[in-house]
Amino acid sequence: MRVASVITLALVIIQLADGFQIINRLVTPPQATSAGLKMTEHEETFAAQALFSDHQRRTLIQQVVQSIVAVPVLGCSSSASAAIDVSYLPQVTHKVFMDIRISRRDGTFYVKKPENIEDPTDEPIYAHLVIGLYGNDAPNCVQQFLKYVDVPFDLDSPNPSYSTTRFSTLDTETGLLIGGISGLDVATLAGGNVLQYKGKVIPAKLWLENTKKEEDTTKAVLRHDRKGLLTHRNLDLTPSFGITTRGSSTSLDSSHTVFGKVLEDNDGFLEKVIDIPAMTSDGLVSKTSNEPVNVGGGNAVASSLFTAQRRVFRDAAKTFGDTRLDRLPDGKLLRRIEVTKVGSL
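Please read these numbers as outputs of a predicted model, since none were measured by experiment.

Chemist: A description of the overall build of the chain should follow, citing residues and the corresponding values.
Modeler: A tally of helices and strands in the chain yields seven helices and 14 strands. Considering only contacts within the chain whose residues lie at least 6 apart along the sequence, 75% involve residues at least 24 apart. Summed over its atoms, the accessible surface of the chain is roughly 18200 Å², and 54% of this surface lies on carbon and sulfur atoms.

What follows is the structure in structure tokens.
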């Protein structure tokens, strides 16, 4: 046990050193404007907004450290979860809907004549989700999420909206269905990170919650302990979000923030999506389950530690705008899953 503790401590120290290098890159002041991006009259303050305030820096450090050290603690002890007040249910402050469609195997959605349907089971699937948001428990995440819900349509100057979301990945390690706005990418401007969408430059801001707020003993920490939870990766500069498809994905607690849940899924979308084949580096996965995939070899605790470490540095690379990870096939769904309409209720 002592040897294992020493090894774990050594890993944590190494990861912390790497983590602080990541933080230094995130908080480095802008130096020069990159070529190819032109700022509009409303975007002249974006470089200044990209700088972190002292509070944001402290919060980011806490998030990175938690991402590194939390998983071995969760894997070795159940006393922490036992102390959570499970009787507390977050209050839903906002409701939104999403209309979603799943393509055929060939990626099409068009209506076929009955005589041209070769396989009745290979037809587009349509679903309607009603989502509740926890505005009191995760106010910053909810505020940022709502910015992309009721977006006026503008053909000449379109703005990013969740109505163009595509769910492209079902993470085989956690069962997290990940969706993002098509065409919205992280770019570098004046030495800082911004979002770029159809020629527009948009401020990039982390959805970090205020960790300095007064403690409320009546509220529990929101955990990824059920299916249908809405969550956001803490180090993600884009408005991407995930939906849990397993009964428990608590390994996400250290790196993601829960800010809502699916209230209505009458079409069984979450049950159907886990049956869609996904491409991984090891081959095809026909269906995910409530059991985590054992990666890295060894026992379940070692696998969880390996998974968390890999996720921290993969997420950090995405935060820097490194698009090379997008070409990796890990969990890429083999059907198109798109949001066609979104709005507030």
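Chemist: Requested: an account of the pairing of strand β7 (residues 200–203), with residues and values cited.
Modeler: Bridge analysis of strand β6 (residues 192–197) against β7 gives four bridges, and the strand direction is antiparallel. Bridge pairing in β7 links Val-194 to Pro-203. Linking β6 back to β7 in an antiparallel pair, the connection comprises two residues, with Lys-198 at a positive phi of about 50°.

Chemist: Run through the pattern of salt bridges, naming residues and quoting values.
Modeler: For the coordinates displayed, the defined rule picks out eleven salt bridges. The salt bridge involving Asp-122 is made with Arg-335; its shortest N-O contact spans 3.5 Å. Highlighted residues: Asp-122 in the loop between β1 (94–102) and β2 (125–133) and Arg-335 in the loop between β13 (332–333) and β14 (337–344), separated in sequence by 213 residues. Through salt bridges that share partners, Arg-101, Arg-166, Arg-336 and Glu-338 make up one connected network.

Chemist: I'd like a description of unusual backbone geometry, backed by residues and values.
Modeler: The phi dihedral of Ala-190 falls on the positive side, at around 55°, and the residue is not glycine. The topology assignment puts Ala-190 in the loop between β5 (184–189) and β6. Residue class for Ala-190 comes out buried when judged on its relative accessible area of 11%. You will see that Lys-198, though not glycine, has its phi angle at about 50°, which is positive. With respect to the helices and strands, the residue Lys-198 is situated in the loop between β6 and β7. Taking the relative accessible area as the measure of exposure, Lys-198 reaches 60% and is therefore exposed.

Calculation rules
- Residues numbered from 1 in each chain as written.
- Predicted model: local features only at pLDDT ≥ 70, side-chain atom pairs only at ≥ 80, totals over all residues.
- Heavy atoms only, no water.
- Helix = DSSP H or I, 4+ residues; strand = E, 2+ residues; numbered from the N terminus.
- Contact = heavy atoms within 4.5 Å.
- Areas by Shrake-Rupley, 256 points an atom, 1.4 Å probe, with all protein chains shown as cover.
- Pairing = 2+ DSSP bridges.
- Salt bridge = Lys/Arg side-chain N within 4 Å of Asp/Glu carboxyl O.
- Buried < 20%, exposed > 50% of the residue type's maximum accessible area, 1.4 Å probe, protein only.

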